Amino acid sequence: MTVWDFSGFVGAWGYWPLKERTGADVIALMDAHGIARAVVGSTRALESDWRLGNADILTAAAESSSRLIPFVTIDTTLPGTAELVAEYVDAGAKGIRCYPSHHHNTLPSQLEPLCAAAQDHGLIVTLVMRAIMDWSFPVAAVEPFEGLVAQFPDVQFVIHGLNYGQEAWNGIRLLNTYPNVWLETSCLQGLGGIARWVAHADGDRILLGTGVPLQYPACGIAKLEKAEISAADTEAIAHRNAQRLLAYST
Amino acid sequence: MIIDAHVHVGNSTAYNFYASIDDLLRLADDNGIDKLFVTDFTALIHDMREGNDTLGRSIRQHPDRILGYVSIPTMNFENGALEEIDRCVHEYGMRGIKIYSYPKIPLVRPSVFPVLERAASHRMPILAHSTAEECEEMASRVPEAFLMMAHSGNTALARGDWLRAVQAAERYPSILLETASSAVNNGSLEYTISRIGPDRIIFGTDMPLLEVSVQMARVSGAAISQADKDLIFGGNMARMLALDA
């Protein structure tokens, strides 16, 4: 099974001791678990300084462009941030990760300029409801962002970090309503979760995520390998959907 | 031998799960799990005696596959818990005790200590859905009881603080850490072993709530030795219960 991971990270980590810090470290872990390519964001951008973090991630991806696909992080608190999108595109960014709960951008209106810039430049926007499945992490609700995905139909939105229960159903409803919505699987931990998503949603817009290296990549891969879905759906979720989605990106 | 130390049987409309013993055994077979250490959901949140009896009948049907916890919710600590433990040991041969906050009130209260003492007298491990701080208090008061901290701090109740769970196990040798968790933080098992060794880590899946393959992969995919994996997957529990490996 060819695996593309839509929820990777690169950088130091402040929450617990973590061995893998650099792009090379992450690629070694990807190799150990058979992950061909990973969409990556910066942990520095998540935790402390998104501008420095974006420089980190663009450098790491440029050094390993066949393996790492860079998504930049933008906290819209500072004025004029959307204008940076063009610079990031020139530097190789393929998408934007927004962390509404971590960065207090939970009002959709805070993200409108960014989405407009993403639309202009053909970038994917990832809305991170939960960075990883950790009970100490903040969680954002998906429902408030419905207006945003409706307002920007030409932007492809990835909803990152949904787990089981009502939050998953809210994400599936969004996916079934809007053809520009995709879901990734890194935090989906309920029994038979992927099969349930495929039963109720379009399997062509579900993306494998493991959360490498913050989460054990074996866990994210196992849940897909064991999912009671068709071989075609497995392959689509493992990598074909990601390939198709990334083709939207400039 | 793989022993899953954290399994629920029964129905929960709140969690949308409906699992019979046969459903659980199918899941176990699909994932190569030999024995299931089971708690009955009805006993935890509705009717302690009814649920424990239901599980007891399943143990009689599958004595080689099913191990049973006597499930004791907080409400029952001072309402028949000790008699229920004795009854379930004698009638069904249950091997452990599950204590659980239902209703959602503090698990640690004066009436929990006699429950722990009774468990210790029967040499029954206790699966405690609790925080690190609660486990420390229980371990300090009843050090002869074996306390398995369910989820190792990876719950909303315990704030996801698995590092604090490891600290608790470092401080108290009677605290063991059970692995079932939505959180699959890379390096967590490696770190835990570096602090307390592999002998007090117990494998669990929390089936049928959590995806079993994820819980298996959390151990099998960790960068630890095969010997340590064998201990976690079942060796430690087999030793504690004096089961044939």
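Thresholds applied
Residues numbered from 1 in each chain as written. Chains lettered and ligands numbered in written order. Predicted model: local features only at pLDDT ≥ 70, side-chain atom pairs only at ≥ 80, totals over all residues. Heavy atoms only, no water. Helix = DSSP H or I, 4+ residues; strand = E, 2+ residues; numbered from the N terminus. Rg over C-alpha atoms; globule rule 2.2 N^0.38 Å. Buried < 20%, exposed > 50% of the residue type's maximum accessible area, 1.4 Å probe, protein only. Contact = heavy atoms within 4.5 Å. Areas by Shrake-Rupley, 256 points an atom, 1.4 Å probe, with all protein chains shown as cover. Lys, Arg positive; Asp, Glu negative; His and termini not counted. Charge placed at Lys NZ, Arg CZ, Asp CG, Glu CD. Pairing = 2+ DSSP bridges. Axes fitted to C-alpha atoms, helices over the stretch in contact; angles between N-to-C directions. Phe/Tyr/Trp six-rings, centres within 6.5 Å; stacked < 30°, edge-to-face > 60°. Buried area = accessible area lost by both parts, 1.4 Å probe. Salt bridge = Lys/Arg side-chain N within 4 Å of Asp/Glu carboxyl O. Polar contact = N/O pair within 3.5 Å; in protein donor to acceptor, adjacent residues only side chain to side chain. Nonpolar A, V, L, I, M, F, W, Y, C, P; charged D, E, K, R; others polar.

Chemist: How would you summarise the overall build of chain A if you had to cite specific residues and measurements?
Modeler: Within chain A, the regular secondary structure consists of ten helices and eight strands. Computed over the C-alpha atoms, the radius of gyration of chain A is 16 Å, within 12% of the 18 Å expected from 2.2 N^0.38 for a compact globule of 250 residues. In terms of its C-alpha atoms, chain A occupies a principal-axis envelope of roughly 45 × 40 × 35 Å. Within chain A, the proportion of its 250 residues that are buried is 60%. Excluding contacts between residues fewer than 6 apart, the proportion of contacts in chain A whose partners are at least 24 apart in sequence is 77%. Taken as a whole, chain A presents about 9,000 Å² of accessible surface, with 52% of it coming from carbon and sulfur. In chain A, which carries 16 positive and 26 negative side-chain charges, the distance between the mean positions of the two groups comes to 5 Å.

Chemist: Can you break down the sheet that holds strand β5 (residues 124–128) of chain A residue by residue, with the values?
Modeler: Residues and elements named next belong to chain A. Strand order in the open sheet made by the eight strands is β1-β2-β3-β4-β5-β6-β7-β8, with parallel pairing throughout. What marks the edges here is a single partner per strand, and that holds for β1 (3–10) and β8 (206–207). Two strands pair when backbone bridges link them, and strand β6 (residues 157–160) and strand β7 (residues 181–184) are joined in this way by three bridges, in the parallel orientation. By the bridge assignment, F157 is partnered in β7 with V181. Contacts from helix α7 (residues 166–177) reach β6 and β7 within the one sheet, and its direction differs from that of β7 by about 145°.

Chemist: Can you lay out the packing of aromatic side chains for me, pointing to particular residues and giving the numbers?
Modeler: Residue and element names in this part refer to chain A. This structure, assessed with the given rule, holds ten aromatic pairs over all chains. Residues Y15 and F137 carry aromatic rings whose centres are separated by 4.5 Å and whose planes lie at 35° to one another, so their mutual orientation is tilted. On the criterion of sequence distance, the pair formed by Y15 in the loop between β1 and α1 (23–32) and F137 in the loop between β5 and α6 (146–151) is long-range, its members being 122 residues apart. We classify Y15 as partly exposed; its relative accessible area is 33%. Relative accessible area serves as the criterion here: at 5%, F137 is assigned to the buried category.

Chemist: Quick one: what's the story with the interface of chain A and chain B, residue by residue and with numbers?
Modeler: Taken together, the 28 residues of chain A in the interface contact 31 residues of chain B. Each partner contributes to the roughly 2,400 Å² buried at the junction of chain A and chain B, and carbon and sulfur atoms together form 59% of this total. Connecting chain A to chain B are zero salt bridges. Taken together, the links from chain A to chain B amount to 17 residue pairs in polar contact (both at pLDDT 80 or more). At four residues, the largest contribution of residues to the side of chain A that touches chain B is made by helix α9 (residues 217–225) of chain A. When grouped by side-chain class, the residues that make up the side of chain A that touches chain B number 16 nonpolar, eight polar and four charged.

Chemist: Could you give an account of helix α9 (residues 212–220) of chain B, naming the residues involved and the relevant values?
Modeler: Each full turn of the α-helix corresponds to 3.6 residues, which orients residues three or four apart in the same direction. A large share of α9 of chain B lies buried, amounting to eight of its nine residues. Along α9 of chain B, the residues that are buried comprise V212, S213, V214, Q215, M216, A217, R218 and V219 of chain B. Buried-residue contacts for α9 of chain B involve α9 of chain A together with α1 (21–31), α8 (188–196) and α10 (226–241) of chain B.

Geometric descriptors of this kind do not, in isolation, establish any biological role.
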